[in-house]
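# Topology and contacts: notes
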Amino acid sequence: MDTITTLAELRPATDTLRSEGTLALVPTMGALHEGHLTLVRAAKAAADHVAVSIFVNPRQFGEGEDLDAYPRQLARDSELLEHEGVALLWAPPPSEVYPPGYATNISVAGVSEGLCGGSRPGHFDGVATVVCKLFNQVRPDMAFFGEKDWQQLAVIRRMARDLDLVRPHVDAIHGVAIVRESDGLAMSSRNAYLSAEQRAAAAALPRAMRDAIAVLAEGGDPERPLGNLREVLNVSGFDSVDYAELRDAESLGPLDSDNGNARLFVAARIGGTRLIDNMAVE
């Protein structure tokens, strides 16, 4: 596996890989876990070569968020990726991605509004900007993202279509199903922030979501099961619930009563950690 930290090295390396076949990109912020490795394996199944980026993007962290504390473990991550057969690791320093005088920002309307976009102003501008740069730097044929960050995936798909970053009529932005721990909690690098007591309490999140979905499937006013979900989380040890909402799974707009494509989105805080999850509502 080649580990590359400068654009001057990256471009000839990716040119070589593309000359030998298709190239998939898995963008990450490092601190890799089984969820990330699942993305890598999906990419390997679809493309001839896989590139992974590791970059803790300062532009998607808001004031008071955990940029400085975000786990950085490049040596361990490199070993995991080499074991998975990744061809190239793109691990640039911030100065390589945002050089002095950098002044461009990408904003995606619609799908970025509400949910995490409401509680984390500017977050999805930072996501869209860095992913656009990664696409232009690596120039992959396809890219793979986890469905745990469903709103992020929607933002990236919209951005890629609107800016002609993918070939027309080709599904080049692939979403991969959430990987969960044995107790149902969605895998996340931020789970490492939880104490043992908080980690045990966090398992209430997927359980409460499944219970709410069972009631929602029966029809009726959705506010009651959503209110129960918030109450269960508060009683279980969560400090607050940022949101618990039903949205259209594709547009992320308000759910039409006749639309069967519903998804439940939840964000809740326990200690200093913010956990997010989403599930389909049949």
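Residues numbered from 1 in each chain as written. Predicted model: local features only at pLDDT ≥ 70, side-chain atom pairs only at ≥ 80, totals over all residues. Heavy atoms only, no water.

### What to know about the environment of Leu 80
The condition that has to hold: Secondary structure follows DSSP: runs of H or I at least 4 residues long count as helices, runs of E at least 2 residues long count as strands, and numbering of each begins at the N terminus. Pairs of residues are marked as contacts when any of their non-hydrogen atoms sit within 4.5 Å.
Within the fold, Leu 80 resides in helix 3 (residues 74–83). For the pair Leu 80 and Ala 217, spaced 137 residues apart in sequence, the C-alpha to C-alpha distance is 40 Å. Non-local contacts of Leu 80, meaning those with residues more than four positions away in its chain, are made with Leu 32 and Leu 37.

### Overview of the side chain of Ser 112
Spelled out, the test is: Between N or O atoms, a polar contact is any pair within 3.5 Å; within protein, one atom must be a potential hydrogen donor and the other a potential acceptor, and residues adjacent in sequence are included only when both atoms are from side chains.
Among the structural elements, Ser 112 can be located in the loop between helix 4 (94–97) and helix 5 (116–119). Here the side chain of Ser 112 touches Val 108 through a polar contact of 2.4 Å, landing on its backbone oxygen. For Ser 112, the contacting residues outside a window of four places in its chain are Gly 117, Phe 124, Gln 151 and Val 155.

### Here we look at the UniProt feature "active site" (unreviewed entry) in the protein
This is how it is decided: UniProt positions are given in the numbering used here, feature names are shortened, and annotations may be inferred rather than shown by experiment.
Per the UniProt record, "active site" (unreviewed entry) is found at His 36. Turning to its location among the elements, His 36 is positioned in helix 2 (residues 34–46). With sequence-adjacent residues up to four places away left out, His 36 is seen in contact with Thr 28, Gly 30, Ala 31 and Ser 189.

### Some words on the environment of Ile 276
Put simply, the rule is: The buried label goes to any residue with under 20% of its type's maximum accessible area, the exposed label to any with over 50%, and the partly exposed label to all in between, with areas taken from a 1.4 Å probe on protein chains only.
By secondary structure assignment, the location of Ile 276 is in strand 9 (residues 273–281). What makes Ile 276 buried here is its relative accessible area of 17%. Measuring from C-alpha to C-alpha, the distance between Ile 276 and Ala 244 comes to 9.9 Å, with 32 residues separating the pair along the chain. Ignoring sequence-local partners within four residues, the contact set of Ile 276 consists of Cys 116, Lys 148, Asp 149, Tyr 243, Val 266 and Ala 267.

### What to know about the pattern of salt bridges
For the record, the criterion: Salt bridges, as used here, are contacts in which a Lys or Arg side-chain nitrogen is within 4 Å of a carboxyl oxygen on Asp or Glu.
Counted by the stated rule, this structure contains 14 salt bridges. For Glu 34, the salt bridge goes to Arg 41, with nearest N and O atoms at 2.4 Å. Measuring nitrogen to oxygen at the nearest pair gives 2.9 Å for the salt bridge that ties Asp 162 to Arg 158. Here Asp 162 and its partner Arg 158 are both found in helix 7 (residues 150–162), four residues apart, which amounts to about one turn of the helix.

### Digging into the sheet that holds strand 9
Here is the rule we go by: Strand pairing is assigned whenever DSSP identifies at least 2 bridges connecting the two strands. For helices, the fitted line uses only the C-alpha atoms of the stretch in contact; every axis is such a line through C-alpha atoms, and the angle between N-to-C directions lies from 0 to 180 degrees.
Within the open sheet, the three strands sit side by side as 7-8-9. Their pairing is antiparallel. Bordering the open sheet on either side are strand 7 (240–248) and strand 9, each of which pairs with just one other strand. Between one strand and the next, the sheet's axes are offset by a mean angle of 15 degrees, whatever the strand orientation. Where strand 7 and strand 8 (residues 262–270) come together, eight bridges link them in antiparallel fashion.

### A short note on the packing of helix 6 (residues 123–138) against helix 7
Put simply, the test is: With respect to orientation, any angle under 35 degrees is reported as roughly parallel, any angle over 145 as roughly antiparallel, any angle of 65 to 115 as roughly perpendicular, and every other angle as oblique. By convention the crossing between two helices is left-handed if the near helix lies anticlockwise of the far one by an angle smaller than a right angle, and right-handed if it lies clockwise. When residues are sorted by character, Ala, Val, Leu, Ile, Met, Phe, Trp, Tyr, Cys and Pro go into the nonpolar class, Asp, Glu, Lys and Arg into the charged class, and all the rest, Gly among them, into the polar class.
Relative orientation of the contacting elements helix 6 and helix 7 amounts to 55 degrees, with a least axis distance of 10 Å. Judged by the angle between their axes, helix 6 and helix 7 are oblique. The interaxial crossing formed by helix 6 with helix 7 has right-handed handedness. Between helix 6, through Phe 124, Val 127, Ala 128, Val 131, Cys 132 and Phe 135, and helix 7, the contact on the second element is made entirely by Gln 151, Gln 152, Val 155, Ile 156, Met 159 and Ala 160. Classifying every residue of the contact of helix 6 with helix 7 by side-chain character gives 10 nonpolar, two polar and no charged.

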